[in-house]
Amino acid sequence: MFSPLPATAQLPDSPKELYAATCAKCHADDGTGRLPTPTVKNLPRDFTNCALATAEPDADWELVTARGGPVAGLSSEMPAFGDAFSAEQISGLVRYARGFCKEPGWPLGNLNLPRALFTEKAYPENEFLIIPVVSHTAGEPASLRFRAVYERRLGRRAHAEIGLPIASTSQTGSRSTGVGDVAVAVKYVLHTNNVSRILTAGTEVVFPTGSESRGLGSGTTVFEPYLAAAALVGEAIVQSQFKMEFPAREPWADREVLYNIYVGHSLSPAPSTWTLALELNGVEKQLALTPQFRKPLTRTGALAIGAGVRVPIVNRSSQSTQVAGYLLWEYLDPVRSRP
Amino acid sequence: MGISRSGSLSALIAAGAAVLAVTVASPEGIVQRAGGSGTIRGRVTSTAPVVAGSLKVTADEKICGPSVPDEAIVLDREGGVAHAVIAVKGLAWGEMAPVRLTNKGCRFIPHVSVAPPGITLEVTSEDATLHTTHAYAPDGRSLFNVALPLVGLTIRQRVANAPGAIRIVCDTHPWMKGFVYVSTDRATASGSDGRFVLADVPAGSYDLTVWHERLKGPAQRVSVGTGQTVEVNFVMAAGT
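Residues numbered from 1 in each chain as written. Chains lettered and ligands numbered in written order. Predicted model: local features only at pLDDT ≥ 70, side-chain atom pairs only at ≥ 80, totals over all residues. Heavy atoms only, no water.

**Q** Is there a simple way to explain the state of the cysteines in this structure?
**A** Covalent bonding between the sulfur atoms of two cysteines is what defines a disulfide. One pass over the full model with this rule turns up two disulfides over all chains. Between Cys50(A) and Cys101(A) runs a disulfide, and the two sulfur atoms are separated by 2.2 Å. Residues Cys50(A) and Cys101(A) are joined by a disulfide whose S-S torsion is about 105°; by sign, that bridge is right-handed. Placement of Cys50(A) in helix α3 (residues 50–53) and of Cys101(A) in the loop between α5 (87–98) and β1 (127–136) is noted, with a sequence separation of 51 residues between them. Each member of the pair, Cys50(A) as well as Cys101(A), carries the same accessibility label: buried. Disulfide pairing is shown between Cys64(B) and Cys106(B); the S-S distance is 1.9 Å. (Disulfide = S-S within 2.5 Å. Helix = DSSP H or I, 4+ residues; strand = E, 2+ residues; numbered from the N terminus. Buried < 20%, exposed > 50% of the residue type's maximum accessible area, 1.4 Å probe, protein only.)

**Q** Mind showing me how you'd approach the domain arrangement of chain A here?
**A** It is common to give the size of an interface as the accessible area that goes away when the parts come together. All names here are of chain A. Under the domain assignment, chain A is made up of domain 1 (15–98) and domain 2 (109–329). Each of domain 1 and domain 2 has a C-alpha centre, and the two are 35 Å apart. When the area that domain 1 buries against domain 2 is broken down by residue, the three leading residues are Ala55, Leu63 and Ala72, summing to 35%. Our enumeration of links across domain 1 and domain 2 arrives at four residue pairs in polar contact (both at pLDDT 80 or more). When residues in the side of domain 1 that touches domain 2 are grouped by element, the largest group, four residues, is from helix α4 (residues 58–67). (Domains from an automatic or database assignment. Buried area = accessible area lost by both parts, 1.4 Å probe. Polar contact = N/O pair within 3.5 Å; in protein donor to acceptor, adjacent residues only side chain to side chain.)

**Q** Would you explain the side chain of Ser113(B) in this entry?
**A** Residue and element names in this part refer to chain B. Structurally, the position occupied by Ser113 is in strand β7 (residues 112–115). By relative accessible area, which is 7% here, Ser113 ends up buried. Not counting the four nearest positions on each side in its chain, Ser113 is found in contact with Val99, Phe179, Val180 and Tyr181. (Contact = heavy atoms within 4.5 Å.)

**Q** I tried to follow the pairing of strand β7 (residues 222–233) of chain A on my own but got confused; where do I start?
**A** Consecutive side chains along a regular strand alternate between the two faces of the sheet. Residues and elements named next belong to chain A. Sheet topology note: the strand β6 (residues 197–206)/β7 ladder contains 10 bridges and is antiparallel. Counterpart to Arg197 in the pairing with β7 is Ala231. Where β7 lies against strand β8 (residues 236–247), 10 bridges are found, and the strand directions are antiparallel. Bridge pairing in β8 links Val233 to Ala236. In textbook terms, the turn of a hairpin is the stretch between consecutive antiparallel strands, and for β7 and β8 this stretch comprises two residues, one of which, Gly234, has a positive phi near 60°. (Pairing = 2+ DSSP bridges.)

Following this line, the structure appears as structure tokens:
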């Protein structure tokens, strides 16, 4: 109606030039978002700051570019380009914007997958978690355990965490409630292709801070080295963990091998979507299945809950049925949607 | 005062009347809405001094020029107020074509448009730069924000169901402002001379309201008889 040119002929092909002609008006040519006279009130993140610019999956950035900031709880000043640009143009622009982080070695958020109830997450996180577990064995009163976990990323690939449990059990006949075994853990990303695979090694050390006689602790320090791996297989999210538990002293507890395999699916690419999953949990010859869900509570995804039931399937008499959940807070992300 | 035959208008404006209303043959006689229809027309004026202001362009000067007119209050030489919205309470809309909103010369054209709830807005650009058309509901919530990086691209967006003045801005050209006035009642915007016409109004009595982004004017009651043209004039004062 207006243009003598076919619409697409007006735009450059290369993502760099397309970025310069459009995104740069707010994100700046250098990706920092620093402009002499910014035209938006909510300044965009600095794309050159790797810690901030790598933790989100490409799919989130593509979604934000296509549908605008509010789809991820970000400012509505980030406009929707989905009617103007093709999916290829948008993924090209996101790839280009990713390139502003020049430091190698930051694992990309494509492998920042929804947290499983039992399988360790391979991707390092800045999170605070509350993890309740109710366990029930036939003929015994239920026991309850709450863990508060603080996780913090260290550098590009590492992560440290500390977990403080409060337990309430009736193992000794009368109910006792108190501090359980405090755990400290570190992990390190060994390898990721940044698109579909990640491998992480870690170890947890559990200290005997809980009273063993009251059934609140194991009575010995336990070393728990593990490998955690995750992959995206088509639409499926696969996470797995292999862990050994070595008590510092025999015979207080036995050496054990644990393994967890999680297969899940997110219903949409939006950060606030539901994820449904099934986990297979093994401890030596005991096997259990844990159907579960995860649902962010905010559009930004900074608060989320997960819950499921762990049902013994092999060697059932020696295992308890557990109702487990978590409430997580990604404390560096905004909880409230930006205006 | 306040009642006049259509045509005696300029005299009344000169007299500085605050509120003008209506003349019809027998005001009480036509409250029935049987069959026929008439026309409501009139003029929106203000005694505010004419200030042909302009806004400084702070980006894309090559495309937008050094400045654009400030359209917050647009008065012609006789005090006619453009971009005022006159709504007829209780009068339904007829069939409405999508409302078109064009980014041109780094302005929104029209500066003010009217729309029934839920209608489709066709947003387009004639400027070879990146515009964003960002709509805010009266309560300040963002409704949509679409990027227009191409000349001639048209993007369709449904406007809000809630009535009120939707504020339109461009996040790359901060001086750009416009409004889409969503009204459940049939409405029209005044032209550059302050005049407006609402044709095919079923005979009956109606309350007319006026909205303007900066100025305020009182509601008025009119009666329209079959085949009649009723003249209604609004005199606007600075709003608070």
